[in-house]
Amino acid sequence: MDKIKFNDEGKSAYEKILSVWPKIIRKRKEEKLSTYLSLLMYKEKKKIADQSLVIEAARFVFPKSYDPIFHMIEDIEKFRREMLEPFKDINAYRKMPVKVRRWKRKGINKKNRNSKKRITAFCASPRKNGNTDLLIEEALKGAQSVGATTEKIMLQDKKIKYCIGCRRCKDPDFGKICIIKDDMDEIYQKIIDSDSLIIGFPIYTGRECAQLSTFFDRWDAYERYMLTSILKPGRTALVIGTWGYTHIDTYDHIIETVISILNLHKVETIEAISACAFEGILHGLDEKRIGIISKYPKELKKAYEAGKALALS
């Protein structure tokens, strides 16, 4: 920090950003931040680091999930309007900028095709009729509209125990998928029998929810002795991620992580949906405790089209 010259706002932003990190790792983060900031100043031929330059450098170092910190520093009044007022006022809550984004597709589907795919959806949200659940339902309707056979499984309703790390699934003579006896026995086979999967989940604490994490841990049993696998290539997927914060790209990296996990198991994600602004006084629900996304048919249609494209892929 001694080598970098700041104006007052730049120095204040720099210190606020670093204060977020626990002291045990703060020095490492400061080294990275100062390196990126120095490079940015050199590139832009700036001798003084102002607030905007500090935040721009910080975005190279911090995960996108730290966006709220940057937004508070950049415009605290806007942050209050978007994120704090909806917790206190029902009218402000109803004005939350609910958004759905359909990620870039792999390709364009031909018209007038009919699908005979078997699609299984897994909802990792504990809330029935919540926003994640409603988006999955809409995607399934899209798949059904072109002839796909569909099924939805609520992970919250299933008895899925934690992986115990016994590694029996890696033994060459092990004849089962997993040694644990629970509802995963049936689910393993459903995944094997499916042509495509839909994975939907909410983000509560800057990562995928616990239900999805436990579910994916148990997928490790598909990987066998000498790096062979029960799951063969050919399955496709639609990933749906939802969260409370009002910015549509804040948790893209979590959706990308889920896509990567599926890819490790030879499942290719060809569609993805991110949806946000499900927070505030009613916690993303309406007065009937239904996901607020139900009030946004144009946004829901994006999930419908993604499900239809998944079935036709």
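Structure: above.
Fair warning: this is a prediction, and the values are worked out from it, not measured in the lab.

The rules behind each value
- Residues numbered from 1 in each chain as written.
- Predicted model: local features only at pLDDT ≥ 70, side-chain atom pairs only at ≥ 80, totals over all residues.
- Heavy atoms only, no water.
- Helix = DSSP H or I, 4+ residues; strand = E, 2+ residues; numbered from the N terminus.
- Buried < 20%, exposed > 50% of the residue type's maximum accessible area, 1.4 Å probe, protein only.
- Contact = heavy atoms within 4.5 Å.
- Areas by Shrake-Rupley, 256 points an atom, 1.4 Å probe, with all protein chains shown as cover.
- Lys, Arg positive; Asp, Glu negative; His and termini not counted.
- Charge placed at Lys NZ, Arg CZ, Asp CG, Glu CD.
- Salt bridge = Lys/Arg side-chain N within 4 Å of Asp/Glu carboxyl O.
- Pairing = 2+ DSSP bridges.
- Right-handed = clockwise from strand over helix to strand, strands pointing away.

*Asks:* Please clarify how the overall build of the protein should be interpreted in this entry.
*Replies:* Tallying secondary structure elements over the protein gives 11 helices and 6 strands in all. Its C-alpha atoms give the protein principal-axis dimensions of about 65 × 50 × 40 Å. Relative to its full complement of 313 residues, the protein shows a buried share of 48%. The contacts of the protein with a sequence gap of at least 6 include a subset with a gap of at least 24, amounting to 77%. In the structure as shown, the protein presents an accessible area of about 17000 Å², 51% of it carried by carbon and sulfur atoms. In the protein, which carries 60 positive and 43 negative side-chain charges, the distance between the mean positions of the two groups comes to 3 Å.

*Asks:* Would you mind going over the side chain of Asn131 with me for this structure?
*Replies:* One can find Asn131 in helix 7 (residues 131-144). Beyond its immediate stretch of four places on either side in the chain, Asn131 contacts Phe278, Gly284, Gly291, Ile292 and Ile293.

*Asks:* Teacher, can you tell me more about the pattern of salt bridges here?
*Replies:* Two side chains bearing opposite charge may form a pair once their charged atoms approach each other closely. This structure, assessed with the given rule, holds 22 salt bridges. Residue Arg94 is joined to Glu287 by a salt bridge in which the shortest nitrogen-to-oxygen separation is 2.6 Å. On the criterion of sequence distance, the pair formed by Arg94 in helix 6 (residues 90-94) and Glu287 in the loop between strand 6 (267-276) and helix 11 (297-312) is long-range, its members being 193 residues apart. By sharing partners, the salt bridges in this structure join Arg59, Lys64, Asp67, Glu74 and Asp249 into a single network.

*Asks:* Any chance you could explain the environment of Cys123 here in plain terms?
*Replies:* Note that Cys123 resides in strand 2 (residues 118-123). As a C-alpha pair, Cys123 and Ile240 span 117 residues in sequence and 9.3 Å in three-dimensional space. Sequence-distant contacts of Cys123, that is, excluding residues within four places in its chain, are made with Thr132, Asp133, Ile136, Ile153, Met154, Leu155 and Gly200.

*Asks:* I'm lost on unusual backbone geometry in this one. Help?
*Replies:* Comment: phi is negative for the bulk of residues other than glycine, and the bulk of peptide bonds are trans. In this model, Met226 sits at a positive phi of 60°, which is unusual for a non-glycine residue. Within the secondary structure layout, Met226 lies in the loop between helix 9 (210-218) and strand 5 (235-242). Of note in the backbone geometry, Ala277 takes a positive phi value of approximately 75° without being a glycine. A relative accessible area of 2% places Ala277 in the buried class.

*Asks:* Mind showing me how you'd approach the environment of Ser213 here?
*Replies:* Along the polypeptide, Ser213 turns up in helix 9. Sequence separation between Ser213 and Ala124 is 89 residues; the distance between their C-alpha atoms is 9.1 Å.

*Asks:* I tried to follow the pairing of strand 5 on my own but got confused; where do I start?
*Replies:* Within a regular beta strand, the side chains point alternately toward one face of the sheet and then the other, so they alternate between its two faces. For strand 5, the tally of buried residues reaches 8 of 8 residues, placing the bulk of the element in the interior. What you see with strand 5 is no split at all: Arg235, Ala237, Val239 and Gly241 on one side and Thr236, Leu238, Ile240 and Thr242 on the other are buried throughout. Pairing geometry for strand 4 (residues 196-202) and strand 5, over 7 bridges, is parallel. Counted as the bridge partner of Ile199 is Val239 from strand 5. At this point the chain moves from strand 4, through helix 9, to the parallel strand 5, and the crossover so formed is right-handed. Direction of pairing for strand 5 relative to strand 6: parallel, over a ladder of 8 bridges. Along strand 6, the bridge assignment pairs Thr242 with Ala275. As a crossover connection, the stretch from strand 5 through helix 10 (residues 252-264) into strand 6 is right-handed.

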